[in-house]
Every structure is written in C-alpha cells, then in structure tokens.
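# Fold and contact review
Below are the chains, spelled out letter by letter.
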Amino acid sequence: MKSLYELPAFVVSRKIKEQEITAEEYISIIIERIKKVDDKINSFISHNFESALIRSRAIDKKIKEGINTGLLAGIPVGIKDNISVKGLKNTCASRMLAEYVSPYNATVVSKIEEQGGIIIGKLNMDEFGMGTTSEYSSHGPVRNPWNLDYVAGGSSGGSAAAVASSQIPLSLGSDTGGSIRCPSSFCSVIGIKPTYGSVSRNGLISYSNSLEQIGPIARTIYDLVPLLNTISGDDPKDNTTVHKKYEYQTNNVDNILKKKYRIGVLNELIDDSETEVGKNTRKKVKQLENYGCEVEDTRIPLSNYALASYYVIATAEASSNLSRYDNLRYGYEGSPEGYEWNSYFSESRSKFGDEVKLRILLGSYVLSAGYYGKYYAKAQKIRSMIKREFDILFNKYDILLLPTMPVLPFKLGEKTLQPIEHYNLDVYTILANLAGIPAISIPGGLSEKGFPIGVQLIANAFNEQKLIDAGVLLENVDGFETWIPKI
Amino acid sequence: MAKGIDIIKLCNMTKLEIPEQNIPEISRKVEEVLLMFDKLDEFTTEDSTVPSIEDLKFEMAFENLRDDEPRPTVESSEGPQLKFKLKNIKDGFILGPRI
C-alpha cells in the first residue's frame, strides 16, 4: 500500500475533505518526508513547517464546521525562491538577497492560500533564474532524484526535484526560457509554462519580464490542472494579465478523441537530439497517432536564429532589472557610511554570482548606443517573425511536438564552465517564451540507464486545454505518474 | 566585432566589481557569447516563410479596445500593510553612501 506522501494531491485532498484523514496528519507526514529525503537532494532553501501546521489545523476546523475549503484543501505547495511569500526569505538563491524577507505575498501565493493550499517552503533554483542546471545557486546545486550525481535541470530544479522525489505533490516554478520544462523533463514530472499574461507575475522577482511566466509542476496531469486553475486569471496588480479567466478540465479520453487533434511534429529538432531522446519522442508521436490524432512533419524555419534572439533579449532585460540591487532598498547587513556612491554600489553588486554578472555585462553591451541596432532591435524583429511563423503553423495544427531537451541529464559540474554549451541546451524550450505561447513537458520514458526523457507539446496562445488533453492521453497510455525514483 | 571588448570599462558602466585575476576568463566568455549573437547578422527575410516585419499586419481590431473602467487603486487599499524591514537605518533614515 502506498504511503500518503506518494498519493496524488487530488486523492489526498478528497480524503481530507471526507475526514478520512486530517490535513494536520498529512502535513506532518510531508514534513517527515522532507526531513528524511531533502538532505540528499537539496531542493529546499527554507522551510515553513510551523506555519504550515497551524494552517492545516485551521483547514481541519473549517472542514469540521462544514465551511468550503477550496480546490487545494490541505495540500502542501512548494514555491520557487523567486516568488514572494510574506514573512519568508526570498533569496532568489543569491547572496545579494540572502537576508531579504518578503513583506507581501505574490498574487499566485494568495490565490493558493484562498483555495486551501499550504505553503510548505521555498525551493532551490539557479540564481535569479539564470541557468539550466540549478548549479548556479548560492545554496548549492540541486541533485537529480533519479541519480544524485546528475543535474536536476533548471532553473526551477528544486521545484521539480521536490515533486519527483515525493516530498511534495505540487510546486510552482517560473519559466523564462524553459526553466519549468527543463527540470520537469530531467526529473520526470509534468510542468507547464502557461500563455504569457494568463498568470499574474506580481511578486515574481523579475529577470526578463517579457519572457517569463509562473507555472505549476506535478506528478500527474490530474494534480496539475487544479493548481493551474487556481493561479491563472486577471490581476489588477499585473497589467499584462488578460481580462479573462480560463477554466481547464481533465476530460475523459473518449471526449478528447472526438476532437481529432492535428499534431505537427518538429522532425528536424527530433533528429538533432541525442539518439535515445529522439527514439522516445518518436514513440510518443506513435502513441498519439494510435489514438487517431492526425500527425504530420513540419518545421519552424527561423528556429536557427531563436537562441541568439532569446539571449540578446533576456540579457538586455536582466541588466535592466538587476540594476535595482544596490543594497540600500534590499540587501544584506553592511553599512554604506564612509563609502563613495559608485564604489559602494560596485562592491555590493560583487555579491552576484559569476553567471549573473556575465549576463548583466552582456545585456549592458547589447543595449549600449553603438550596438543597439545590431543586436537588440534585430533580435526583437526576429522574435516577431518567429511569433508569426507559429501563427501560420497553428492554422494547420492544434499542437506541435518536439523533445523538451536535446540531451539526457548529465553529471553535476560537466557544463558549468562553457556558457555556449550551456545556452545551447535551451534551444527547444525558448521558442515558446519568445512567442508567448503555452508549452508543457510530459514524461516520455526512461533511457536505458534509467534517466528521464521529456516530450514537449506547444499550442497556440490560451490553448492550454489542448496540451492538457494530450497530457491525459499520454498519461493514460503510459501511467507515468507511477514512475517514482527510489530514494 | 566581438573581439577586443574593453571589459573593465563595461564593468565600470554596469557597476560590477570583478577581481583582476577573473578578467581574462570573463572576457573570453563575453566574446564567446557575442560571437553567438553575431548569428543575427546572417538573418535575411528569405529565411522565413512569413512576410518581413514591415509587412506584418496588426491583428487586433482597434475598435474593440476594452472600456476604461476605473478601479480602486491598489496602493491605497494595501499600502499600509507593506512594512519593509530595511537594513542600515540610523535615526530613522536610510543610510546611503556619499554622492
């Protein structure tokens, strides 16, 4: 019989609501699990155990009194450490914000609490979200639960690893160029980057505003959907949110099959991947074809320019966003008395890690007067044209299919010294960020040596339902929610 | 184009302190990435199936702009709850360096 911590959140939440178990019992089990396992994985930066227990008792009381407790009643949710939770440290895995305590809740956190969810702690990540492995963290690297010597992916590595290792059933990550989908693929969980503007970014510490989105990570599509429904929707504190609330559903297979989805397969990108990644991705294509989906090969002609465009825009926005860290308004203990402004500013900013410094330098360079037209303006033009290419493809297809990552998880430390090698890993995930469209990573199988492989599905803006439907089909045939690493 | 960047000047502009012994390595990394950015120079509109950016039409129908409905100011209702725990305070003032 499965332990409570292994069960999907929607099953446990039902048990809590039907008073089969109490929320307090469940949270206590989750806390024990985290204490037992996380020393090996390093997925948490800070814990919120005491408040979580207090909140669980309040939820039990509400249930006993017959008061509605919401979609996530009694369910613990981990939050990436760049999303603000009132009263908790919000370090962004950076020494620069090591002592910073958030004075307010991000909108997504308030929404989770309104639905009865319980914030259990803050999760490890690459510093300010800048990385693809979760190794660039002042808190140390996140380890992959499938093999502790390997990277968990990033930047939301803690969010994916904590869910994969059954410490928590649900977490939030943020995705600027694949930061939810990459670790989801490397850890064999489901992660979705919603359409730009469908989830509030209020309270997310900005790295690249025009590219990033908050999104959920779960072990099963049936847990992912309630959390996505909880966090999505209009927010007056974020002017980029759309004035419409989308409600997503986990439809049954028969109803999904009636929709006769047309799938465009990005064949060139599958061919460019490692052999086992390509092989598994083709298996997924076959599975969808067997379900009666129409499948056809296609391509995105401008994808060759996507990586350069993405990194020009992301570093430009990062250099602007991170200029606010001067250790006056937020920061660490350190008296500025006696310093001259420029030297104090420079010294404070030496707390940034090397990768963050590199991206600030690059961003400032591409925005400088002499190079603005050469880099930034051209990158934005190409971005618009890539979006237009997607519009054309979505006239023909409902969903595009490709691998999430071109490679299998690799050993810790293997790629940290080579920036280009590192940036090239993002080549399949950045497309959806440049176009502002939704994309999901779904577990696609395990390699011969037992490493997870993710398959990525992309849909047109506000068509998350199509991705969820495809997720239901693939989960139904594979039962990937039962693939759990032994730890 | 990417060769010979004055990395020290760039560090001064961005207010980043980088130890002298790390300058060669960071210069190498910056140049390597800028070389990748130079890929953008190869771009021509012939690479794409879509019309050039100048020919793109706006898809939004401007007569459908949403109504300008006044809403309560966020700051007025939530401002007093925000209490920043600032570091480096003296006699009620935030300490800062000399300008």
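Shown above is the structure to which this text applies.
Quick caveat: nothing in here was measured; it's all calculated off a predicted structure.

## Brief notes about the side chain of Ser159 of chain A
Residue and element names in this part refer to chain A.
- Structurally, Ser159 can be placed in helix H5 (residues 157-164).
- The buried category is assigned to Ser159, whose relative accessible area is 0%.
- A polar side-chain atom of Ser159 sits 3.0 Å from the main-chain carbonyl oxygen of Leu172.
- Setting aside its immediate chain neighbours within four residues, Ser159 contacts Lys80, Leu123, Asn124, Ser171, Leu172, Gly173 and Ile217.

## Section: the packing of helix H11 (residues 303-321) of chain A against helix H13 (residues 354-367) of chain A
Residue and element names in this part refer to chain A.
- Where H11 meets H13, the axes come as close as 7 Å, and the angle between the chain directions of the two elements is 100 degrees. Classified by the angle between their axes, H11 and H13 sit roughly perpendicular to one another. Note on element contacts: H13 touches H11 through Arg359, Ile360, Leu362, Gly363, Ser364, Val366 and Leu367, opposite Tyr311, Val312, Thr315, Ala316 and Ser319.
- A breakdown of the residues in the contact of H11 with H13 according to their chemical character gives seven nonpolar, four polar and one charged.

## Some thoughts on helix H17 (residues 464-478) of chain A
Residue and element names in this part refer to chain A.
- The terminal C-alpha atoms of H17, which comprises 15 residues, lie 21 Å apart, in line with the 21 Å expected from a rise of 1.5 Å per residue.
- Burial runs high along H17: 11 of the 15 residues are buried.
- Of the positions making up H17, those classed as buried are Glu464, Gln465, Leu467, Ile468, Asp469, Ala470, Gly471, Val472, Leu473, Leu474 and Glu475.
- Looking one or two residues beyond H17, the residue adopting positive phi is Gly479, at roughly 60 degrees.

## Thoughts on the interface of chain A and chain B
- Between chain A and chain B, the contact holds 65 residues from the first and 53 residues from the second.
- Interface of chain A and chain B: buried area, both sides summed, is about 5600 Å²; carbon and sulfur atoms make up 68% of it.
- Three residues, Tyr305, Leu361 and Met385 of chain A, lead the burial of chain A against chain B; their summed loss comes to 13% of the area buried on that side.
- The tally of links between chain A and chain B comes to three salt bridges.
- The salt bridge partner of Asp41 of chain B is Lys374 of chain A, with a shortest N-O separation of 2.6 Å.
- Between chain A and chain B we count seven residue pairs in polar contact (both at pLDDT 80 or more) in total.
- The element contributing the most residues to the side of chain A that touches chain B is helix H14 (residues 373-396) of chain A, with 12 residues.
- Split into classes, the residues belonging to the side of chain A that touches chain B amount to 34 nonpolar, 15 polar and 16 charged.

## With respect to the packing of aromatic side chains
- Per the stated rule, a full pass over the model turns up 20 aromatic pairs over all chains.
- Taking the centre distance of 4.4 Å and the plane angle of 40 degrees together, the rings of Tyr150 of chain A and Phe451 of chain A count as tilted. Taken as a pair, Tyr150 of chain A in strand E5 (residues 147-151) and Phe451 of chain A in the loop between strand E12 (439-446) and strand E13 (452-459) lie far apart in primary sequence, 301 residues in all.
- Residue classification places Phe451 of chain A among the buried positions, given a relative accessible area of 8%.
- Aromatic side chains Tyr311 of chain A and Tyr423 of chain A sit 4.1 Å apart centroid to centroid with 15 degrees between the ring planes, which places their arrangement in the stacked category. Here Tyr311 of chain A, found in helix H11, pairs with Tyr423 of chain A, found in helix H15 (residues 419-424); they are 112 residues apart in sequence, far enough to count as distant.
- Judged by its relative accessible area of 1%, Tyr311 of chain A is buried.
- When its relative accessible area of 0% is taken as the criterion, Tyr423 of chain A is described as buried.
- Among the aromatic side chains, those forming a connected cluster through ring pairs are Tyr365, Tyr371 and Tyr375 of chain A together with Phe37 of chain B.
- Sitting over the ring of Phe345 of chain A, Arg349 of chain A keeps its end group 5.1 Å from the ring centre.
- Over the aromatic face of Tyr305 of chain A sits the side chain of Lys39 of chain B, whose NZ or CZ is 5.4 Å from the ring centroid.

Rules and cut-offs
Residues numbered from 1 in each chain as written. Chains lettered and ligands numbered in written order. Predicted model: local features only at pLDDT ≥ 70, side-chain atom pairs only at ≥ 80, totals over all residues. Heavy atoms only, no water. Helix = DSSP H or I, 4+ residues; strand = E, 2+ residues; numbered from the N terminus. Buried < 20%, exposed > 50% of the residue type's maximum accessible area, 1.4 Å probe, protein only. Polar contact = N/O pair within 3.5 Å; in protein donor to acceptor, adjacent residues only side chain to side chain. Contact = heavy atoms within 4.5 Å. Axes fitted to C-alpha atoms, helices over the stretch in contact; angles between N-to-C directions. Parallel < 35°, antiparallel > 145°, perpendicular 65-115°, else oblique. Nonpolar A, V, L, I, M, F, W, Y, C, P; charged D, E, K, R; others polar. Expected span 1.5 Å × (residues − 1). Buried area = accessible area lost by both parts, 1.4 Å probe. Salt bridge = Lys/Arg side-chain N within 4 Å of Asp/Glu carboxyl O. Phe/Tyr/Trp six-rings, centres within 6.5 Å; stacked < 30°, edge-to-face > 60°. Lys NZ or Arg CZ within 6 Å of the ring centre and 35° of its normal.

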